[in-house]
Amino acid sequence: MGEEMKSQRLNIGIIGCGWIAEYAHIPAFKQISDVKISSVFDIDIGRAARLAKAHDIQGIYSSLNDFLDSGIDAVIVATPNHSHAQYTMESLRRGLHVICEKPVAIRAGDVKQIIEIAEQNQLVYFPAFVNRFRYDVLKMREFIQSNRIGEIIHVEAGWLRRSGIPRPGTWFTNKALSGGGVLIDLGSHMVDICLMLFGDKQPLSQNLDTVMQESKADPLDAGWFKGEYSVGLPMDVEVTAISEIGFSGSSKLNLKLSWAADINGDCTYFIVKGTKGNIKLKTLFGFSNDKLWNEDSLIVEDSAGVEVITLDNSINNAMEAFHAMGQFFADTIRGGATRYLTGSDGLRTVELIEKLYSNENRIDRETAINDLEGLRFE
Ligand SMILES: NC(=O)c1ccc[n+]([C@@H]2O[C@H](COP(=O)([O-])OP(=O)(O)OC[C@H]3O[C@@H](n4cnc5c(N)ncnc54)[C@H](O)[C@@H]3O)[C@@H](O)[C@H]2O)c1
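The present account deals with the structure reproduced in this document. (Residues numbered from 1 in each chain as written. Predicted model: local features only at pLDDT ≥ 70, side-chain atom pairs only at ≥ 80, totals over all residues. Heavy atoms only, no water.)

1. A word on the sheet that holds strand β15 (residues 360–362)
Here comes step 1: Pairing is mixed in the open sheet, where 9 strands are placed in the order β14-β13-β12-β11-β7-β10-β9-β8-β15. The outermost strands of the open sheet, each flanked by one partner alone, are β14 (305–310) and β15. Across the sheet, the mean angle from the axis of one strand to that of its neighbour is 10°, orientation sign disregarded.
Here comes step 2: Alignment of strand β13 (residues 297–302) against β14, held across 6 bridges, turns out to be antiparallel. Across the sheet, the residue bridging to aspartate 302 is glycine 305, located in β14.
Here comes step 3: The strands touched by helix α12 (residues 365–373) within the sheet are β7 (152–160), β8 (203–211), β9 (240–247) and β10 (252–258), with β9 carrying the most contacts at an inclination of about 55°. (Pairing = 2+ DSSP bridges. Helix = DSSP H or I, 4+ residues; strand = E, 2+ residues; numbered from the N terminus. Axes fitted to C-alpha atoms, helices over the stretch in contact; angles between N-to-C directions. Contact = heavy atoms within 4.5 Å.)

Laid out in structure tokens, this is it:
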């Protein structure tokens, strides 16, 4: 890092040439100046070759060694979850900066080791918590940091889809390869943002109720997320996760997540109650267009009254956030960014998710539906 890097073009390599690489990371990095995606690696060389051809990428590798040696400065790890920690460690050991897709690891012990390696080698490492770069999340954080609503007492948050299981029957819904279901998938983002909102407060207690998919006849898969992927792996992960997390200072988080909820559309929400006021965010993270709400909004209620911000979807969307995250990665490597997102944010999230799964309690769908019906925004 430092002066030498500041003027230098960054060459970035991608490990895992699937959906997120093609539809999010590559388009985002293409918009960033002095950065080039120059090498790709995949265990399926056909996928690597196809992606490289579509985006004019010169380096196509089936050997990890050759890929890591191909003159790149940094990598994006975008493989199935179970392999994230291993690829991150190998890349850092070879002197490369890393941004890793969520979850950065299945076990917190691995993340601790990764952070150590990154620090020893003075390399940038952080999780691809892209939603932190959304306009609505940044705005919500700004209100909380400026003490508009006082100390946080209670957060209700959720990300619910009515038909959004990512490719049933692939690695995504197989516990050995994914590490879990909706909690580790959508939950990685939501847990990270909630921990950020709670600031210094530590999670002290947690419980988790989960629901498995009952009918295989209608897999409720995510329409925007298809591909030639069906490999018939057992689907053994939860589709709904409902949890309560107690924090120091007697504050509490209620988190609801579902890939297959009985609601009329998809939504992401945060209701943040503070000692001096409340913030309500109605939005939708991710790539689904099946929206529950017509209009996204951020509402602040405090002693001064009610302020309603209608969110403009041309700037408040997933691709803008990927672009901002890519820019943050390049800036951090060049030594010019804040420490808004670091490896320890990944560690806190993996630690909490690991604890939640160790307290997992299976409930039936009917019980979960009653709980989700408790979602009343207005
Ligand atoms: N932030 C988001 O909005 C978002 C959205 C989708 C996926 N993701 C994350 O991105 C990651 C990838 O998801 P995806 O949808 O692109 O998956 P995908 O299945 O479409 O792509 C994975 C790619 O990795 C390759 N691969 C599989 N095992 C490998 C291995 N051991 N070594 C090297 N390559 C391997 C596959 O051939 C495939 O090309 C996941 O961790 C997922 O959680 C994030």
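That covers the picture; the talk isn't over yet.
2. With respect to helix α10 (residues 318–333)
Here comes step 1: With 16 residues, α10 extends 23 Å between its outermost C-alpha atoms, agreeing within 8% with the 22 Å of an ideal straight helix rising 1.5 Å per residue.
Here comes step 2: Turning to α10, its buried residues number three or more, namely Ala318, Ala321, Phe322, His323, Met325, Gly326, Phe328, Phe329, Ala330, Thr332 and Ile333.
Here comes step 3: Of the residues that open α10, the one with a side-chain oxygen 3.1 Å from the backbone nitrogen of methionine 319 is asparagine 317. (Expected span 1.5 Å × (residues − 1). Buried < 20%, exposed > 50% of the residue type's maximum accessible area, 1.4 Å probe, protein only. Polar contact = N/O pair within 3.5 Å; in protein donor to acceptor, adjacent residues only side chain to side chain.)

3. Quick look at the pairing of strand β2 (residues 35–41)
Here comes step 1: Along β2, 6 of the 7 residues are buried, which leaves the element largely enclosed by surrounding structure.
Here comes step 2: Strand direction decides the pairing type here: strand β1 (residues 10–15) and β2, joined by 6 bridges, are parallel. Bridged to isoleucine 12 within β2 is isoleucine 37.
Here comes step 3: Bridge count for β2 against strand β3 (residues 59–61) is 3 bridges, and the pairing is parallel. Its bridge partner lying in β3, serine 39 is registered against glycine 59.
Here comes step 4: With helix α3 (residues 45–55) bridging β2 and its parallel neighbour β3, the resulting β-α-β unit is right-handed. (Right-handed = clockwise from strand over helix to strand, strands pointing away.)

4. What about the sheet that holds β3?
Two pairing modes exist for strands in a sheet, parallel and antiparallel, and in both the strands are linked by backbone hydrogen bonds.
Here comes step 1: Taken together, the 6 strands give an open sheet; going across it, the order is β3-β2-β1-β4-β5-β6, and neighbouring strands pair in parallel fashion. In the strand order of this sheet, the two ends are held by β3 and β6 (125–127), each with one partner. Neighbouring strand axes in the sheet, compared pairwise and without regard to direction, differ in orientation by 20° on average.
Here comes step 2: Those strands touched by helix α5 (residues 84–93) are β1, β2, β4 (74–77), β5 (97–100) and β6, and its axis lies near 165° from that of β5.
Here comes step 3: Its contacts with the sheet place α10 against β1, β2, β4, β5 and β6, and it is angled at close to 160° to β5.

These figures capture arrangement, not role.
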